[in-house]
Amino acid sequence: MKYLIVSDIHGSLAGCERLKNALFRENPDCLLLLGDLLHGGYDGDENAVIRVISSFKKGVLAVAGNCDDSYSDGLALGIELPGERSFSFRGFEVRMQHRPYCLRYPAKTILLNGHTHRKILYGDSGAIYCNPGSISLPRDDCASYAVMDEEGMALLNADNGLILERLLF
């Protein structure tokens, strides 16, 4: 199973193009969206983002961000936008949320969150923390996304697909 992990698109046309390229490049089994999907981009085109996300038929799991309306945006995208969700993968509990609610999670937890527009990937005491950064409006060196597969997780440059950081399970 391969997951493409994206956060903070903010309705950006540039971010939408990067997302389309990442979907083509990575060919994931499931798209994980960590909130702030349709609103707040300087080059906003909500309909383009809706078309790209709606066209991905393999599977989409998403959570609402602070700029999302979980009901109307979820309806427009054709997906549920709860505040948080979790699922199991390779013996880990994967927790998806837009903002992290605490600083430390138990071993065998993978925390996926967005919000800060800054990418991180690290392990601590058996837990893994990943923020894919923003695919549209990065507040660090480049637009980015993450990939999670059977081997581990990676942060990638959204413009060229180059691996920036890798963490093996």
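Check the entry above for the structure.
So, here's what we can say about the structure. (Residues numbered from 1 in each chain as written. Predicted model: local features only at pLDDT ≥ 70, side-chain atom pairs only at ≥ 80, totals over all residues. Heavy atoms only, no water.)

1. Overview of unusual backbone geometry
Piece 1. Located in the positive-phi region is Lys108, a residue other than glycine, with phi close to 65°.
Piece 2. One can find Lys108 in the loop between β5 (92–97) and β6 (109–113).
Piece 3. Overall, Lys108 belongs to the partly exposed group, its relative accessible area being 41%. (Helix = DSSP H or I, 4+ residues; strand = E, 2+ residues; numbered from the N terminus. Buried < 20%, exposed > 50% of the residue type's maximum accessible area, 1.4 Å probe, protein only.)

2. Here's the deal with the pattern of salt bridges
Pairing between side chains becomes possible if they bear opposite charge and their charged atoms approach one another.
Piece 1. Within the structure shown, the criterion is met by 10 salt bridges.
Piece 2. Residue Asp141 is joined to Lys119 by a salt bridge in which the shortest nitrogen-to-oxygen separation is 2.9 Å. Of this pair, Asp141 sits in the loop between β8 (127–132) and β9 (144–148) while Lys119 sits in strand β7 (residues 119–124), placing them 22 residues apart in sequence.
Piece 3. Among the ionic pairs, Arg166 bridges to Asp149, the shortest N-O distance being 3.8 Å. Note that Arg166 is positioned in strand β11 (residues 163–168) and Asp149 in the loop between β9 and β10 (152–157), a separation of 17 residues in sequence.
Piece 4. One salt-bridge network, held together by shared partners, links Lys119, Asp140 and Asp141. (Salt bridge = Lys/Arg side-chain N within 4 Å of Asp/Glu carboxyl O.)

3. A short note on helix α2 (residues 46–55)
Piece 1. Taken together, the buried positions of α2 are occupied by Ala48, Val49, Ile50, Val52 and Ile53.
Piece 2. Taken together, the buried residues of α2 touch α1 (13–26), β2 (30–33), β3 (60–62) and α3 (72–77). (Contact = heavy atoms within 4.5 Å.)

4. So, the side chain of Asn131
Piece 1. Secondary-structure assignment places Asn131 in strand β8.
Piece 2. Owing to a relative accessible area of 2%, Asn131 belongs among the buried residues under this scheme.
Piece 3. Of note is the side chain of Asn131, whose polar atom sits 3.5 Å from the backbone oxygen of Asn113.
Piece 4. A distance of 2.8 Å separates a polar side-chain atom of Asn131 from the backbone nitrogen of Gly133.
Piece 5. If we ignore the near neighbours within four places in the chain, the residues touching Asn131 are Asn113, Gly114, His115, Thr116, Arg118, Lys119, Ile120 and Leu155. (Polar contact = N/O pair within 3.5 Å; in protein donor to acceptor, adjacent residues only side chain to side chain.)

From the geometry alone we can't say anything about function, so treat these as descriptive.
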